[in-house]
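If you want the building blocks of each chain, they are given just below.
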Amino acid sequence: MTVHAGRGFACINYPIGMNLGGDPSQALVHSTPDGKFMVTLSAIDLGQGMKSVCRQIAAEALGVPLEDVYVDTADSDTGPHDMGSFASRGTHRMGNAVIRAASEARAQMMEAAAEELEVSAADLDTDGRGNIQVKGAPSKTITVADTAIAAQFKQGRTLSGRGIFLIEPSGVDWETGEMSPVTTYAHAALVIDVNVDDETGEVEVVKINSAYELGRALNPKLVEQQLVGGAWMGVSHALYETTEPYYPARDHLPQDFNTYLMPGPGEIVDHDLAVLERPAADAPYGGKGPGEMCANPVLPAIANAVYNAVGVRVDKLPITPEKVLRGIQANGGAKPGPRHPGSRG
């Protein structure tokens, strides 16, 4: 028995959203009587942190504290329209819609404050701590809460905003059919080190090194968690998740997560991340979001690492021990590729 080390590389150029019908997203923002703000969306948070990011975006656009903003993800019956939580579009599309809705609500808020302070709305600014003050005269101020109370109980004004974001449909080259399906792309490059046992066919992921360009990291901790968790989802797709050896027969279908094989949190390996910030011109505060790009390059990187380790090219996922062993047998033994610095094989 010999354990062979291998290293695989993959990179990705990932489109954000789509072009069909402008790919619209809508958002609504309104103030409660006590000066809090509710952001209403139909976009669904699948655990990727979209509600947190939209909350941040709304607070920034409104100029109020983060704790004074709430996000309600309703549904397609009661909420404003959204195309869906797919294509890694949440931050880009919905974030832009939230900025538009929050900006309209902010304009209403500033008009209400101006009426109370007897100044022009253009002379006012927010301090981000729940106050609206006259520029150059910070002592002349009114709280956002008092502004909301005055607007709704004295002025008869609603502090609300509507926002929609959609992209321009792409032109088409009628000779070639060429068009641009999206307005912006995210990018990633990833290197994975594995160990492959030539007796059992087992593949062990040892370490992941990656670099992601995703515009601007609006919430760095959420970005880090999504990149690490998404990469491990890619590992699970690449090496574990299958109903084999019984597929396509369904007689022995896994009944629960004890019989459906997948790695757990305790098996997550070291992952060195480099987040490259290149703010996108058409993105909310420059942020595109990592989305599905977290997992996609992991699969080909592992396949390349296995090939580098034992010379077996597996082209159907998952890369099970059986497939590795059959490949080694077909090749007449393990045939490691070029060694990399620090290789143990």
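Before reading further, recall that the structure is shown in the block above.
Residues numbered from 1 in each chain as written. Predicted model: local features only at pLDDT ≥ 70, side-chain atom pairs only at ≥ 80, totals over all residues. Heavy atoms only, no water.

Draft legend 1. Spotlight on the nonpolar core. In terms of nonpolar packing, the biggest core is built from 41 residues, with Leu41 and Val98 touching the most fellow members. Going through the elements one at a time, strand 2 (25-31), strand 3 (37-41), helix 1 (50-62), strand 4 (69-73), helix 2 (90-117), strand 6 (131-134) and helix 3 (144-155) are the ones with two or more residues in this core. Here this core takes 13 residues from helix 2, the largest share from any one element. Beyond its immediate stretch of four places on either side in the chain, valine 98 contacts Ala27, Val39, Leu41, Cys54, Ile57 and Ala58. With 40 residues, the next largest nonpolar core counts Ile208, Ala217, Ile302 and Ala309 among its residues. (Core = buried A, V, L, I, M, F, W, Y, C linked by side-chain atoms within 4.5 Å. Buried < 20%, exposed > 50% of the residue type's maximum accessible area, 1.4 Å probe, protein only. Helix = DSSP H or I, 4+ residues; strand = E, 2+ residues; numbered from the N terminus. Contact = heavy atoms within 4.5 Å.)

Draft legend 2. Focus on the sheet that holds strand 7 (residues 137-143). Across the sheet, which stays open at both edges, the three strands sit in the order 5-6-7 with antiparallel pairing between neighbours. Each edge of the open sheet is held by one strand with a lone partner, namely strand 5 (124-126) and strand 7. Ignoring which end each strand starts from, the neighbouring axes of this sheet average 35° apart. Relative to strand 7, strand 6 is paired through four bridges, and the arrangement is antiparallel. Looking at strand 7, one finds that asparagine 131 is bridged to threonine 143. The sheet strands contacting helix 2 are strand 5, strand 6 and strand 7, and the helix crosses strand 5 at an angle near 125°. Most of the contacts of helix 3 go to strand 7, to which it runs at about 55°, and overall it touches strand 6 and strand 7. (Pairing = 2+ DSSP bridges. Axes fitted to C-alpha atoms, helices over the stretch in contact; angles between N-to-C directions.)

Draft legend 3. Structural detail: the pairing of strand 9 (residues 185-197). Pairing of strand 1 (residues 3-15) with strand 9, which is carried by 13 bridges, proceeds in the antiparallel orientation. Residue pairing for strand 9: valine 3 is matched across the bridge by aspartate 197. As judged from the 10 bridges shared by strand 9 and strand 10 (residues 203-213), these two strands associate in the antiparallel manner. Within strand 10, the residue paired with isoleucine 192 across the bridge is isoleucine 208. The turn linking strand 9 back onto strand 10 is made up of five residues, and glycine 201 within it adopts a positive phi angle of 80°.

Draft legend 4. Quick look at the layout of surface pockets. Estimates place the volume of the largest pocket at around 730 Å³. If you go around the largest pocket, you meet 36 residues; those closest to its centre are Gln48, Gln226, Pro290, Gly291 and Glu292. For the lining of the largest pocket, the leading source of residues is helix 4 (residues 220-239), giving eight residues. A class-by-class count of the residues in the lining of the largest pocket yields 15 nonpolar, 17 polar and four charged. (1 Å grid on protein atoms, 1.4 Å probe; cavity = no way out; pocket = protein on both sides within 12 Å on 5 of 7 lines; lining within 4 Å. Points joined across faces, edges and corners; volume = space filled by probe spheres on them. Nonpolar A, V, L, I, M, F, W, Y, C, P; charged D, E, K, R; others polar.)

Draft legend 5. Region of interest: helix 2. Taking 1.5 Å of rise per residue, the 28 residues of helix 2 would be expected to cover 40 Å, and the 38 Å separating its terminal C-alpha atoms lies within 8% of that figure. Glutamate 118 sits one or two residues past helix 2 and shows a positive phi near 60°. (Expected span 1.5 Å × (residues − 1).)

Draft legend 6. Expanded view of the pattern of salt bridges. Applying the stated criterion across every chain yields a total of 14 salt bridges. For the salt bridge of aspartate 82 with arginine 89, the shortest nitrogen-to-oxygen distance reads 2.9 Å. Members of the salt-bridge network, linked through shared partners, are Asp23, Asp82, Arg89 and Arg93. (Salt bridge = Lys/Arg side-chain N within 4 Å of Asp/Glu carboxyl O.)

Draft legend 7. View of the environment of alanine 189. Tracing the backbone shows alanine 189 in strand 9. Along the chain, alanine 189 and alanine 10 lie 179 residues apart, while their C-alpha atoms are 5.9 Å from each other. Residues contacting alanine 189, with those up to four places away along its chain left out, are Phe9, Ala10, Cys11, Asn209, Ser210 and Ala211.

Draft legend 8. Expanded view of helix 5 (residues 298-310). In this model, helix 5 (13 residues) spans 18 Å end to end at C-alpha, consistent with the 18 Å of a helix rising 1.5 Å per residue. Burial of helix 5 is extensive: 10 of the 13 residues sit out of reach of the surface. Buried within helix 5 are the following residues: Val298, Leu299, Ala301, Ile302, Ala303, Ala305, Val306, Asn308, Ala309 and Val310. Check the buried side of helix 5 and you find it contacts strand 1, strand 9, strand 10, helix 4 and helix 6 (321-331).

Draft legend 9. Spotlight on the packing of helix 4 against helix 5. Axis separation between helix 4 and helix 5 bottoms out at 8 Å; the angle between their running directions is 55°. Compared by their axis directions, helix 4 and helix 5 come out oblique. Where helix 4 crosses over helix 5, the handedness of that crossing is right-handed. Across the interface between the two elements, Ala231, Gly234, Val235, His237, Ala238 and Leu239 from helix 4 touch Val298, Leu299 and Ile302 from helix 5. (Parallel < 35°, antiparallel > 145°, perpendicular 65-115°, else oblique. Left-handed = near helix turned anticlockwise from the far one by under 90°.)

Function cannot be read off these values alone, since they describe shape.
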